[in-house]
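# Reading the structure
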Amino acid sequence: MRKTPVSGNNEQGMFNLERREFMVGGLALAATAMMPRFAFSAPAKKLQTIPRRKLGALQISAIGLGCMSMNSGNYNPPKDKGEMIRLLHAAVDRGITYFDTAEVYGPFVNEALVGEALVPCKGKVVIGTKFGWEMDYATGRRTGGLNSRPEHIKSVVEASLKRLRVEAIDLLYQHRVDPKVPIEDVAGAVKELIQQGKVKHFGLSEPGMQTLRRAHAVQPVAAVQNEYSLLWRGPEKEELAIFEELGIGLVAWSPLGVGFLTGTINEKTRFDTPGYTDYRLTNPRFTPEALKANMPLIDLLREWARRKEATPAQISLAWLLAQKPWIVPIPGTTNLQHLDENLGALTIRFTPAELSELNSAASKIVVQGQRLRKGLLEMSGQEAPMKK
């Protein structure tokens, strides 16, 4: 019989037991709720210590924690602040050292939450945040544009330092490449901030590969944060080889396919609950047709979950960890049970033959639907203009 992760009863009582926030209606709710996650909990082998991985010269836990869903309103209504602070403390207690946020999440409130929660943990944790969006700072509204002008980067960093309550930002990413600003200017601005002691490491998110090389030549890039999972294997085409060549780590966002790879979503799942805007409502991968078409991938994960006495989510994360030793997934959660489940992936091992078998089976499944809506997709893989 499966053994559940060991956690104090007082902690378990603090959090709701819903899986990756999703909403359904009527019979759809019952149908989805009856789908196990998968009928297994974390592996019986108890994780003693979380191993470390290196992003360039920066060492962090092999699994990090994406904090956006805690209060940004992107996937679910903002959670109770006290509960999320306790969850962040529980993550630190379990050995997670990397916490991912951004100025734009909320905006501002996610950085503030992470900063407040992790004040007692200075020196023990690494916080990654991001700049690069054009916003109306009086209202907090995003205009839809990008802004990586050096003077803007520096003002964003000053504000982020205050919200995060730190003297230096551990890992500062450009959130998306600005098509109007040469990357040499961006990297140069971050280099100055590093020299001033306000930033420690530089990263990029979803950059074009030539832009990455140009940035790295000005200021070494520690990490790239890109989407990578069994649902989106785009980085395998050329990006992984370039990261390896340059000694750059990959921080994998959406390693559970925005909840799809947990096995708790199907074609009856809906994302149109009144009161908040679920990002997945406009994501082409989450239309009923795409969800139904992509269920063979969930069937494969369930098969491997049975073989490994694990869950689909754990198999997904373990597969990702097995690809390269410098890949760090950052699954987001607002739930302690799911945090423990995600960490359970670190106990799963694939033999070379098993990994080859899983990769082969997954490669035969053609995933339906673009990974992002058009406007966001156009910002991914973008190349910065050449410096004149």
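Anyway, here's the lowdown on the structure attached to this text. Since this is a predicted model, take the numbers as computed values, not measurements. (Residues numbered from 1 in each chain as written. Predicted model: local features only at pLDDT ≥ 70, side-chain atom pairs only at ≥ 80, totals over all residues. Heavy atoms only, no water.)

## A closer look at the overall build of the protein chain
Scanning the protein chain from terminus to terminus reveals 14 helices and twelve strands. Within the protein chain, buried positions represent 58% of all 388 residues. The long-range share in the protein chain, meaning contacts at least 24 apart out of those at least 6 apart in sequence, stands at 80%. If you sum the accessible surface of the protein chain, you get close to 16200 Å²; carbon and sulfur atoms cover 54% of it. (Helix = DSSP H or I, 4+ residues; strand = E, 2+ residues; numbered from the N terminus. Buried < 20%, exposed > 50% of the residue type's maximum accessible area, 1.4 Å probe, protein only. Contact = heavy atoms within 4.5 Å. Areas by Shrake-Rupley, 256 points an atom, 1.4 Å probe, with all protein chains shown as cover.)

## Here's the deal with unusual backbone geometry
The peptide bond linking G106 to P107 adopts the cis configuration, its omega dihedral lying at 0 degrees. Structurally, the position occupied by P107 is in the loop between β4 (98-100) and α4 (109-118). If you check the backbone angles, R165 has positive phi at about 60 degrees while not being a glycine. Along the chain, R165 turns up in the loop between α5 (150-164) and β8 (169-174). If you check the backbone angles, S254 has positive phi at about 55 degrees while not being a glycine. One can find S254 in the loop between β11 (249-253) and α9 (288-293).

## Here we look at the side chain of Q225
You can see Q225 is positioned in strand β10 (residues 221-227). Judged by its relative accessible area of 3%, Q225 falls in the buried class. Reaching out from Q225, the side chain makes a polar contact with the side chain of D100 at a distance of 2.9 Å. Excluding residues within four positions of it along the chain, Q225 makes contact with Y98, D100, K130, Y173, L204, S205, E206, V251, W253 and I330. (Polar contact = N/O pair within 3.5 Å; in protein donor to acceptor, adjacent residues only side chain to side chain.)

## Side note on the nonpolar core
Residues L65, F99, L212, F260, I315 and F350 are the most contacted members of the largest nonpolar core, which totals 114 residues. When neighbours within four sequence positions are excluded, F260 is seen to be in contact with L231, I265, F286, L291, N294, M295 and I298. (Core = buried A, V, L, I, M, F, W, Y, C linked by side-chain atoms within 4.5 Å.)

## What about helix α6 (residues 183-195)?
Helix length check: α6, at 13 residues, gives a terminal C-alpha distance of 18 Å against a target of 18 Å (1.5 Å per residue), a fit within 8%. Residues of α6 that are buried: I183, V186, A187, G188, A189, V190 and L193. Where α6 is buried, its residues meet β5 (126-131), α5, β8, β9 (199-205) and α7 (209-218). Where α6 ends, the next residue or the one after it, G197, has phi of about 80 degrees, a positive value. (Expected span 1.5 Å × (residues − 1).)

## Comments concerning the sheet that holds β9
One open sheet holds the eight strands; their spatial order is β3-β4-β5-β8-β9-β10-β11-β12, and the pairing between them is parallel. Of all strands in the sheet, those with a lone pairing partner are β3 (65-66) and β12 (327-329), marking the two edges. Where β3 lies against β4, two bridges are found, and the strand directions are parallel. Residue L65 lies in a different strand from β4, and its bridge partner there is F99. In the packing of α7 onto the sheet, contacts are made with β9 and β10, and the angle to β10 comes to roughly 160 degrees. (Pairing = 2+ DSSP bridges. Axes fitted to C-alpha atoms, helices over the stretch in contact; angles between N-to-C directions.)

## Quick word on the packing of aromatic side chains
For the structure shown, the criterion picks out six aromatic pairs. Ring geometry for Y75 versus Y279: centroids 5.5 Å apart, planes at 90 degrees, classification edge-to-face. Of the two residues, Y75 sits in the loop between β3 and α3 (81-94) while Y279 sits in the loop between β11 and α9, which places them 204 residues apart along the sequence. Among the residues examined, Y75 registers a relative accessible area of 15% and is labelled buried. You can call Y279 buried: its relative accessible area is 14%. Pairing F243 with W326 gives two aromatic rings, centres 6.5 Å apart and planes at 80 degrees, and the pair type is edge-to-face. Here F243, found in helix α8 (residues 239-246), pairs with W326, found in the loop between α11 (312-323) and β12; they are 83 residues apart in sequence, far enough to count as distant. Positioned above the aromatic ring of W133, the side-chain terminus of R142 is 4.1 Å from the ring centre. (Phe/Tyr/Trp six-rings, centres within 6.5 Å; stacked < 30°, edge-to-face > 60°. Lys NZ or Arg CZ within 6 Å of the ring centre and 35° of its normal.)

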